[in-house]
Amino acid sequence: MSESSNFADAMRHIWFFIIIMALAGCAKTDDEKAKPLLAKINTLYAGGKYREALDSIVVLRDRYPKAVVARTEALRIWQDASLKMAQADVAATDNRLQEVEQELRTTTDRYRCNMLGVKRDSLQARYEAMCGVVRMIRMRQKQR
C-alpha cells in the first residue's frame, strides 16, 4: 500500500508540474505586452509628435523593464525623435538669430542696440549648444 501511495504522490507531483509549465508557457513575455505601446510610439513618431513619442518611451521603460527587444527599438526612436527636435530647435534659433542681427544693423537707438546685442549673444550660445546636441546624437546613432 505504501508503494501505491508513493506512486500516487509522484503522479500528483508530475501533474502539478505539467500544469504549472503549461500555464507558464501561456504567459505573455514583456516584449509581447509592450508591442501595443511600441506601435503607438511608432505612430506618434511617424506623425511628427516627437515629444509625445519620447514621453511614451519613458512609460514603456517604466512598465516593461525586461522587454529588451521593445526597449532597443524604443532607443532607436528616442534618438531619432531627439535628433528631429534638436534640428528643429537649431533651425528656429538660427532664424531668430538672423532676425536679431538684421535688426541690429538697422537700429540706431543705443539702448535698443545693447538689448539686441544681449539677445544675439544668448541666441548664439543656444545655437552652438543645440548644434553640439545634434552632433552628440549623431555620434550615438553611429554606435548602434
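Right above here is the structure, for reference.
Residues numbered from 1 in each chain as written. Predicted model: local features only at pLDDT ≥ 70, side-chain atom pairs only at ≥ 80, totals over all residues. Heavy atoms only, no water.

Student: What am I meant to see in the environment of Val59 here?
Tutor: Its location among the elements puts Val59 in helix α3 (residues 50-63). Considered as a pair, Val59 and Leu37 are 22 residues apart in the sequence and their alpha carbons are 8.8 Å apart. (Helix = DSSP H or I, 4+ residues; strand = E, 2+ residues; numbered from the N terminus.)

Student: Please explain the packing of aromatic side chains as it appears in this structure.
Tutor: One pair of aromatic rings is described through two measures. These are the centre distance and the angle between the planes. Counted according to the given criterion, the structure contains one aromatic pair. Plain terms: the ring middles of Tyr45 and Tyr50 are 5.4 Å apart, the flat faces sit at 55° to each other, and that makes the pair tilted. On the basis of relative accessible area, Tyr50 is assigned to the partly exposed category, the value being 22%. Taking NZ or CZ as reference, Arg61 lies 4.6 Å from the ring centre of Trp78, over its face. (Phe/Tyr/Trp six-rings, centres within 6.5 Å; stacked < 30°, edge-to-face > 60°. Buried < 20%, exposed > 50% of the residue type's maximum accessible area, 1.4 Å probe, protein only. Lys NZ or Arg CZ within 6 Å of the ring centre and 35° of its normal.)

Student: Could you clarify how one ought to interpret the pattern of salt bridges in this entry?
Tutor: Under the counting rule described, the total for this entry stands at seven salt bridges. Here Arg76 ties to Asp80 by a salt bridge, and the two come within 3.0 Å at their closest N and O atoms. Of this pair, Arg76 and Asp80 are both found in helix α4 (residues 68-106), four residues apart, which corresponds to roughly one turn of the helix. You can call Asp80 buried: its relative accessible area is 15%. In this structure, Arg96 and Glu99 form a salt bridge, with 3.1 Å as the shortest nitrogen-oxygen distance. Here the residue Arg96 and the residue Glu99 both occupy positions in helix α4, the gap between them amounting to three residues, near one helical turn. Residues joined by salt bridges that share partners form a network here, namely Glu73, Arg76 and Asp80. (Salt bridge = Lys/Arg side-chain N within 4 Å of Asp/Glu carboxyl O.)

Student: Can you walk me through the packing of helix α2 (residues 30-46) against α3 in this structure?
Tutor: Packed helices, taken two at a time, are described by their axes: the angle between them and the distance between them. It is the contact of α2 with α3, at a shortest axis distance of 8 Å, that shows an interaxial angle of 165°. With respect to their mutual orientation, α2 and α3 come out roughly antiparallel. You can see that α2 and α3 cross each other, and the crossing is left-handed. Taken together, the residues of α3 that come into contact with α2 (itself represented by Ala34, Leu37, Leu38, Lys40, Ile41, Leu44 and Tyr45) are Tyr50, Glu52, Ala53, Ser56, Ile57, Val59, Leu60 and Arg63. Considering only residue class, the contact of α2 with α3 consists of 11 nonpolar, one polar and three charged. (Axes fitted to C-alpha atoms, helices over the stretch in contact; angles between N-to-C directions. Parallel < 35°, antiparallel > 145°, perpendicular 65-115°, else oblique. Left-handed = near helix turned anticlockwise from the far one by under 90°. Contact = heavy atoms within 4.5 Å. Nonpolar A, V, L, I, M, F, W, Y, C, P; charged D, E, K, R; others polar.)

Student: Could you clarify how one ought to interpret α2 in this entry?
Tutor: Working note: α-helix, 3.6 residues per turn, so residues spaced by three or four point in the same direction. In this model α2 runs 24 Å from its N-terminal to its C-terminal C-alpha over 17 residues, within 8% of the 24 Å that 1.5 Å per residue would give. Of all the bends in α2, the greatest measures close to 40° and is centred on Pro36. Within the span of α2, buried status applies to Ala34, Leu37, Leu38, Ile41, Leu44 and Tyr45. Note on α2: the residue one or two positions beyond its end, Gly48, has a positive phi of about 80°. (Expected span 1.5 Å × (residues − 1). Bend = angle between axes of the 7 residues up to and from the residue.)

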